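# Remarks on the overall topology
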Amino acid sequence: MRSAERQLLRTGLRYALGIRTVVPAVSSLAVLVLETPRSPALTVAVVLALNAWNLWFAYRFPRGSGRWLVPVDVLAHCAVCLSQAWTVDPEVNARGTNWVLVVASITVVSYPWQLSARALAAATVAIMAAYVGGAALAAPDPWQVLTPIQLWMGVEALLSRALYLLVRRGAKAADELVAHGERLRRDAAVAAARRADEREYLAALHDTASATLFMVGVGVVGGREQWLSRQAERDLKVITGYAEVPDGEADLVALLHEVIHHVPLRVRCAAPETLRMPAVEAVALCHGVREALTNVVRHAGVAEAEIRVERRGDLVVVEVADRGLGFDPARVTGHRYGVTRSLMERMARTGGRAEVVSSPGAGTVVRMECSLAAPAPPEGDAEVIAGRYMQGLRWAVLGMNLVILYALDLPKLLANLDSYDPWWAQPSVMAALTGVTAVAGVATARRRPLGWARWPLLAVVFAASVLGTASVRADHRLGVAHWSEGDAAWWVVLLLLDSGLPVFVLVVAAQYATTFAHVAWLGGSALTLANVVHATMIVLSFQITVGVIAAVLRPIARSAARMAAEEERLRTAEVVAGQLHQDRKERYAALGETTTPLLRGLASGELDPGDETVRRRCAVEAARMRRLFAEDATVPDPLLHELRACIELAERTGITVLFAERGERPPVPKHVRLALTEPVVAALATAASSARVTVVGARDALTVSVVADAPPESVTAVDQAGVITSVVTDGRQVRVKATWRGGT
Amino acid sequence: MITVAVVDDHPVVVAGIRTWCSLADPPITVVDSGPTVSVAWLEPGASADVVVLDLQLDMGGPAYGDLKRLVDAGRQVVIYTMRDDKETALTCLEIGAFTCLTKAEGEAHLVAAVTAAARNEPYTPPALSGALGTDTRPNRPRLAPREVDVLLEWFHCESKEMVAKELNLSVRTVNSYLARVRVKYANVGRHAPTKAALVARAIQDGLISVDEL
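Residues numbered from 1 in each chain as written. Chains lettered and ligands numbered in written order. Predicted model: local features only at pLDDT ≥ 70, side-chain atom pairs only at ≥ 80, totals over all residues. Heavy atoms only, no water.

- As named in an unreviewed UniProt entry, chain B is Two component transcriptional regulator, LuxR family, taken from Streptoalloteichus tenebrarius.

- Per an unreviewed UniProt entry, chain A goes by Signal transduction histidine kinase and derives from Streptoalloteichus tenebrarius.

Spelled out as structure tokens, the structure:
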């Protein structure tokens, strides 16, 4: 069961328990004032015991205290029903509705929110039987006359159950819609998180292992150096760290001090003592700061920088400022991993943002922001849920009105034809109400609100009610024959379901008041005041209940949407974590074969960075990483994109590279691209001065070839992923050709 | 003595060509040079043996019209262009250019191409070779698989020795394959006096038989 349905049942139960406590209380306490039952002492005892029990029931039931509660409740109500002979004023009993009927009816009407269908049926039958039995004991003479009205209790139970089912169906439909939206959002979130994590990882590699290996590869380091070992050790830590999925919180300030410690700059840091925040965002900010400080070292030409850390509400702001050379941000473009990609994108990935304010000569300020606020629940979910609830409720009320009109009121009309003057007025009232029902039905079927049309319809209902009252003979007013009294308010309910509780209650009360005032003005009544109170209580409470349900559906929908969003966040986080864990394990395994042993060797001093072989291995590894950074499935030609990235790296180290391509190429899967470009990576990384890289698609084959003045031992022919590699050497030139025929 | 007229709007390119030509053995004389094709039509350029033509002379498209007029006048034109794509090379050959060089190939191939043009012997530099080897147009000449192998390997390696090693051939055979392909291309498409002369010369030299064409 999902949030909308769960929330509906929970709130519905609460209201049902409230109604079945309050209405019997009002009705039964009224007895003590208005009636003179046969046994006043017993009546007081029964009324007090019943209300005490109802309070206890309302308290215990939601807390699920055992299976005995409902059977005892049914038995208690049966006992009250059987006590009618002593607890009901005979005068009231003879004329119509008494307080016991109110108690029994409301209890039965509230049962659908507490009981299953079978239990509901059993409880209803038991209470009805007890009621009829009690009525027969109380007044053996006229009891058969009133039996049809008493049996109406069963129909009320059915109607209440129908209302419950329809609104619940609406909740289910809303849940399905919301769940569909959630699935779409979750898939998108997982995909985004995977991409973000991959880029995050690549950015980290770029800042650490790649930079170190490149440096060794181009021969900057002449021999074993302590700082290089330490750097390699830190790089290893970063790579290993990425095998774990970060969760929980971290102290941003502590992390920043760690970063500052490793930068050859004097850094002034204005920050709070500690700043706890989600680890993912904290790490992203730290990486951003490290990148910014590295840029200060490389480009600013000053030896000091300033960091400011601030928390403004849900926003964490980190600024890195220097008074160095500055630059023109508009001129920093292209696909290099510079300020743009590794900083701004990194922040955007974790839901933050970064901006770089700089101009030549005026220093640079890098400002990063990260929001800690939980994302708001998706707009519209609450609307969807509320709409579905409301639709269910509207159908329920429509059905209920028709059942009341034709199953309860029509028999009353036909049985009392001689109580009306003129007789035709009553069928006219019935026709008018049927017409109003039809109009509301069409609007509901079309899912259109009634809008202004409700007011003329309401006028029709009031007019019908006045006509109904006026055409009942004086001695039958408010009696059984006067069916439109009370029941006409059901059409007010139907028309004003979505107009807000105050308007709803006001107009329903106005409808009753009109009828009572009308009767008072005309004079004459079939009932005692107590009868009127009970009869009004029984119908009005049901009507107000429906109005309250309509009014609370919107708040229920809102909290259901909030809960759905929260659940979605948790489920998404779970899926994302699982997926990222898998991705990271795979990536770490891929690095484990080549990069990790190299870094480990450099860290321990086992490998000498001055050694030619080590230097070449590092150069090749750095080039492989450059290719990895260039991997991007969204560019039109990923193969050329990756090759160009490798060529660009080689050109930065002073190698002249000629690149040419001819022919049509099929799309190349990622693992094939890896195998095809591997010789180029190795040859370019170890070439002495020049290289020629060519790509040809012809005769169903794709060939990537490289000719370079590289040492032959640095390139090896490895056939994998359906790619066949051959190596030819000619003088100082080595030529590697990788061919793939899998594209057709 | 081979004479050449250079049509290129970039002074550095012209200076480069002059240097390469003066260092050639035997030396080649650049009789005139300039940014418009008029240097090829007016003396002393009008009587030069070979015209080196830059395809991109102004903001307009490639100078195919100028090339066509030169070819129709029986001039040997070596295209020397920034454009490194298959279509440009194939179009120039179709019109009747003697050969096409990309500017990246200039240092290694321009002098040889001019010399070959003056002698009316086929010359196929690697970039053009790649274009011929991946030609998929319906009106292309029929090439033997081995000929395509040689074309593509020459494009990949830019070293006849390496091609020979890779394909288990002699350098001589590699050269003759390239020459035959070039002649086959001269024999298809639009008629041009230069193309006819190339074919006639090849048959005369026994490079290719009439049946093979």
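## Focus: the interface of chain A and chain B
- Of the residues lining the interface, 24 residues belong to chain A; the matching set on chain B comes to 24 residues.
- Carbon and sulfur atoms make up 53% of the surface buried where chain A meets chain B, a total of about 1,900 Å² over both sides.
- The three residues of chain A that bury the most area against chain B are Arg662, Arg692 and Arg699 of chain A, which together make up 38% of that side's buried surface.
- Applying the counting criterion to the chain A and chain B interface returns 8 salt bridges.
- Notably, a salt bridge pairs Arg735 of chain A with Glu166 of chain B, separated by 2.9 Å at the nearest N-O pair.
- Applying the counting rule to chain A against chain B returns 12 residue pairs in polar contact (both at pLDDT 80 or more).
- Those elements that place two or more of their residues in the side of chain A that touches chain B are β8 (656–663), β9 (690–698), β10 (701–708), β11 (723–730) and β12 (733–740) of chain A. (Contact = heavy atoms within 4.5 Å. Buried area = accessible area lost by both parts, 1.4 Å probe. Salt bridge = Lys/Arg side-chain N within 4 Å of Asp/Glu carboxyl O. Polar contact = N/O pair within 3.5 Å; in protein donor to acceptor, adjacent residues only side chain to side chain. Helix = DSSP H or I, 4+ residues; strand = E, 2+ residues; numbered from the N terminus.)

## Structural notes on the pairing of strand β1 (residues 2–7) of chain B
Residue and element names in this part refer to chain B.
- With 6 of 6 residues buried, β1 is to be regarded as a mostly interior element.
- Side chains Ile2, Val4 and Val6 project from β1 onto one buried face, and the interleaved Thr3, Ala5 and Val7 project onto a second face that is buried too.
- Regarding the hand of the β-α-β motif, the stretch spanning β1, helix α1 (residues 11–23) and strand β2 (residues 28–34) is right-handed.
- Looking at chain direction, β1 and strand β3 (residues 50–53) are connected through 4 bridges and run parallel. The partner of Ala5 across the bridge, within β3, is Val51. (Buried < 20%, exposed > 50% of the residue type's maximum accessible area, 1.4 Å probe, protein only. Right-handed = clockwise from strand over helix to strand, strands pointing away. Pairing = 2+ DSSP bridges.)

## Observations concerning the pairing of β2 of chain B
- As defined by bridge partners, β1 of chain B adjoins β2 of chain B across 6 bridges and the pair is classed as parallel. Residue pairing in the sheet places Val6 of chain B in a bridge with Ser33 of chain B of β2 of chain B.

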